[in-house]
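The lines below spell out each chain.
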Amino acid sequence: DLQQRDYRGLINVTVDGHECEQWDAEWITDYFTDAGIGDEWEKRFNDYGLEGNYCRNPRPEYNNSAWCLKAGGSDYDNDWGYCDIPTCRRLTPTWCKRPDNEECGCEDV
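Presented here is an overview of the structure given in this document. Since we're looking at a predicted model, the values are computed, not measured.

### Let's talk about the environment of Gly9
Phase 1 of the analysis: Within the fold, Gly9 resides in the segment before helix 1 (26-34).
Phase 2 of the analysis: Here the alpha-carbon distance between Gly9 and Ile85, two residues 76 residues apart in the chain, equals 8.7 Å.

### Observations concerning the side chain of Asn63
Phase 1 of the analysis: Checked against the element boundaries, Asn63 lands in the loop between helix 2 (38-47) and strand 1 (67-69).
Phase 2 of the analysis: Overall, the relative accessible area of 7% leaves Asn63 in the buried class.
Phase 3 of the analysis: With near-sequence residues (within four places) excluded, Asn63 lies in contact with Gln3, Asn57, Trp80 and Tyr82.

### A look at the pattern of salt bridges
Side chains that differ in charge, positive against negative, can pair when their charged atoms come close.
Phase 1 of the analysis: The tally for this structure, following the rule as stated, stands at four salt bridges.
Phase 2 of the analysis: Its salt-bridge partner being Lys70, residue Asp16 comes within 3.3 Å of it at the nearest N-O pair. On the criterion of sequence distance, the pair formed by Asp16 in the segment before helix 1 and Lys70 in the loop between strand 1 and strand 2 (80-82) is long-range, its members being 54 residues apart.
Phase 3 of the analysis: Look at Asp16 and you get partly exposed, because its relative accessible area is 48%.
Phase 4 of the analysis: Look at Lys70 and you get buried, because its relative accessible area is 14%.
Phase 5 of the analysis: As a salt-bridge pair, Glu61 and Arg44 come within 2.7 Å of each other at their nearest N and O atoms. Here Arg44 lies in helix 2 and Glu61 lies in the loop between helix 2 and strand 1, a separation of 17 residues in the sequence.
Phase 6 of the analysis: Accessibility expressed as a relative area gives 14% for Arg44, which makes it buried.

Calculation criteria
- Residues numbered from 1 in each chain as written.
- Predicted model: local features only at pLDDT ≥ 70, side-chain atom pairs only at ≥ 80, totals over all residues.
- Heavy atoms only, no water.
- Helix = DSSP H or I, 4+ residues; strand = E, 2+ residues; numbered from the N terminus.
- Buried < 20%, exposed > 50% of the residue type's maximum accessible area, 1.4 Å probe, protein only.
- Contact = heavy atoms within 4.5 Å.
- Salt bridge = Lys/Arg side-chain N within 4 Å of Asp/Glu carboxyl O.

Below is the structure:
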């Protein structure tokens, strides 16, 4: 979809060149726990494929495309950035037939 909620590719750098932080980094989980939404974050962690340090969009109600928290950060509100994820030719990811389907976030077909 256009908000890249289904993106599961391997891009792990923001548009301004910062490497992405591991989604399970202690400062990130601490932020959500301290904010009182640790359980919600754990659910999103599973639902949105938050593995490694890859760009994802686990908060589509606030973000328009895939993003990540910047490695070495400590401030959730400021240490994040959007990622440059190529858009698939069609809106339905399973229809993507580009040879670089991993890069455009499409599923293998």
